[in-house]
Amino acid sequence: MAALRLLACLTKPPRLRCCLRAQASAARVPEAAPCALSNRREPPYPSPQSARRPLSTISADGLVRAAPASLQPYLRLMRLDKPIGTWLLYLPCTWSIGLAAEPGCLPSIYTLLLFGTGAVLMRGAGCTINDMWDQDYDKKVARTACRPLAAGKISTFQSLVFLGGQLSLALCVLLCLNYYSIVLGAASLSLVVTYPLMKRITYWPQLVLGLTFNWGALLGWSAIRGSCDWSVCLPLYFSGVLWTLIYDTIYAHQDKKDDVAIGVKSTALRFNENTKQWLSGFGTLMLLGLTVTGVNCDQTFPYYAAVAAVGVHLAQQIYTLDIHSPEDCWKKFSANRTVGLLLFMGIVLGNLRKKKNTEETRKPLDST
């Protein structure tokens, strides 16, 4: 009988034999398998976690996952797994430090590293304060429900102690600067604390975030020069605030349905379908402010080329933005790191070019 079954199987067409093997394999799947498959949860809402993210964000998330389990909630509370926010806080500092450098010189590496450390700590402190204020709201929003406080992984008291540690370390960084910069830096703390409340009382919380996130545009210059040159620092600060209005309005469009449901306000809800027109206006004013900044500190061609590149990048962002796609909003929001880096490169190259211009003007004098 076994020989007959073997002969019958060998005489069947190859395609039929494959089908029979597939049916036999299906019959051997344990009954628990469908349950296991059904328990695999897809993200309930297209969020930054499900959207494509830059390589640095993925590697940062990997580092957090590799940390001890007891530390992970604290690292996530300060958003070390999502460094884009740290970049957006840090980059205005680099602009100001680069502009304040001596003509023909690179910006101070020590100061850049110092401000980078401060950006990580202050962004972490700001996120901790934000989550302490918003933990009840975060539980009702799909994108934020997994945050450590909202998910109950750490307590409010533990967060408060952690906040104290971050602010203490940030104070140590601040004390490395001159007295003028220490006072100027301390003045920003009120904005850091009150920003999370703004979404409850105004449709313009992104404006307050811009005032907070771009304080480094003032602080970086004073750290190098000892005080602010307001003809340079104010238009740079103004441009940074407008930049924040652009990228954080895009970011806010991810949560607008949840925001309406829980009564939270944002520029995304204020602008609604007119978002692109508003963002275009902000972008135009931002480029104007950057141009005034360059003129007032005698910047050269590479700087203005970078400003033009920033304008093209922002125009492409705004034109192709789909405000109804959370994934596209996250992609456009994350792309603003490139905007900041472009401008920083232009500042550095423009400052190096100043030395060449100075040497060219000296040559005719030396020949006479």
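The structure under discussion appears in the preceding block.
Residues numbered from 1 in each chain as written. Predicted model: local features only at pLDDT ≥ 70, side-chain atom pairs only at ≥ 80, totals over all residues. Heavy atoms only, no water.

Visitor: I would appreciate a short explanation of the overall build of the protein chain in the present structure.
Guide: Of the regular secondary structure elements, the protein chain holds 19 helices and zero strands. Per-residue burial over the protein chain gives 49% buried out of 368 residues. At a minimum sequence separation of 6, the contacts of the protein chain that also span at least 24 residues come to 74%. Here the protein chain displays about 18,900 Å² of accessible surface, and carbon together with sulfur accounts for 66% of that area. (Helix = DSSP H or I, 4+ residues; strand = E, 2+ residues; numbered from the N terminus. Buried < 20%, exposed > 50% of the residue type's maximum accessible area, 1.4 Å probe, protein only. Contact = heavy atoms within 4.5 Å. Areas by Shrake-Rupley, 256 points an atom, 1.4 Å probe, with all protein chains shown as cover.)

Visitor: Looking at this structure, I do not really get the packing of helix α16 (residues 275-296) against helix α17 (residues 301-320). What am I missing?
Guide: A pair of packed helices can be characterised by two numbers: the angle between their axes and the separation between those axes. Relative orientation of the contacting elements α16 and α17 amounts to 175°, with a least axis distance of 10 Å. Taken together, the axis directions place α16 and α17 in an arrangement best described as roughly antiparallel. Residues Lys276, Leu279, Ser280, Met286, Leu287, Leu290, Thr291, Thr293, Gly294 and Val295 of α16 form the contact with α17, whose own contacting residues are Tyr303, Tyr304, Val307, Val310, Gly311, Leu314, Ile318 and Tyr319. Class assignment for the residues of the contact of α16 with α17 results in 12 nonpolar, five polar and one charged. (Axes fitted to C-alpha atoms, helices over the stretch in contact; angles between N-to-C directions. Parallel < 35°, antiparallel > 145°, perpendicular 65-115°, else oblique. Nonpolar A, V, L, I, M, F, W, Y, C, P; charged D, E, K, R; others polar.)

Visitor: Got a minute to help me understand the environment of Ala125 in this structure?
Guide: Structurally, the position occupied by Ala125 is in helix α7 (residues 109-138). Distance from Ala125 to Arg79, taken between C-alpha atoms, is 9.8 Å for residues 46 residues apart in sequence. In this view, Ala125 contacts Leu163, Gln166 and Leu167; residues no more than four positions away in its chain are not counted.

Visitor: What's the story with the nonpolar core in this structure? I'm lost.
Guide: The tendency in soluble globular proteins is for nonpolar side chains to be buried side by side. Counting residues in each nonpolar core, the largest one holds 67 residues, and the members touching the most others are Trp95, Leu99, Phe115, Trp243, Phe333 and Leu343. When residues of this core are assigned to their parent elements, the largest contribution, 12 residues, is made by helix α13 (residues 230-252). When neighbours within four sequence positions are excluded, Trp243 is seen to be in contact with Leu88, Leu91, Pro92, Trp95, Asn214, Met286, Leu314, Asn336, Val339 and Gly340. (Core = buried A, V, L, I, M, F, W, Y, C linked by side-chain atoms within 4.5 Å.)

Visitor: Is there a simple way to explain the packing of helix α11 (residues 205-213) against α13 in this structure?
Guide: Between α11 and α13, the shortest axis-to-axis distance is 8 Å and the interhelical angle comes to 130°. One element, α11, and the other, α13, form an angle in the oblique class. In the crossing of α11 with α13, the sense of the turn from one axis to the other is right-handed. Judged by residue contacts, Gln206, Leu207, Leu209, Gly210, Leu211 and Phe213 of α11 engage Tyr237, Val241, Thr244, Leu245, Tyr247, Asp248, Thr249 and Ala252 from α13. (Left-handed = near helix turned anticlockwise from the far one by under 90°.)

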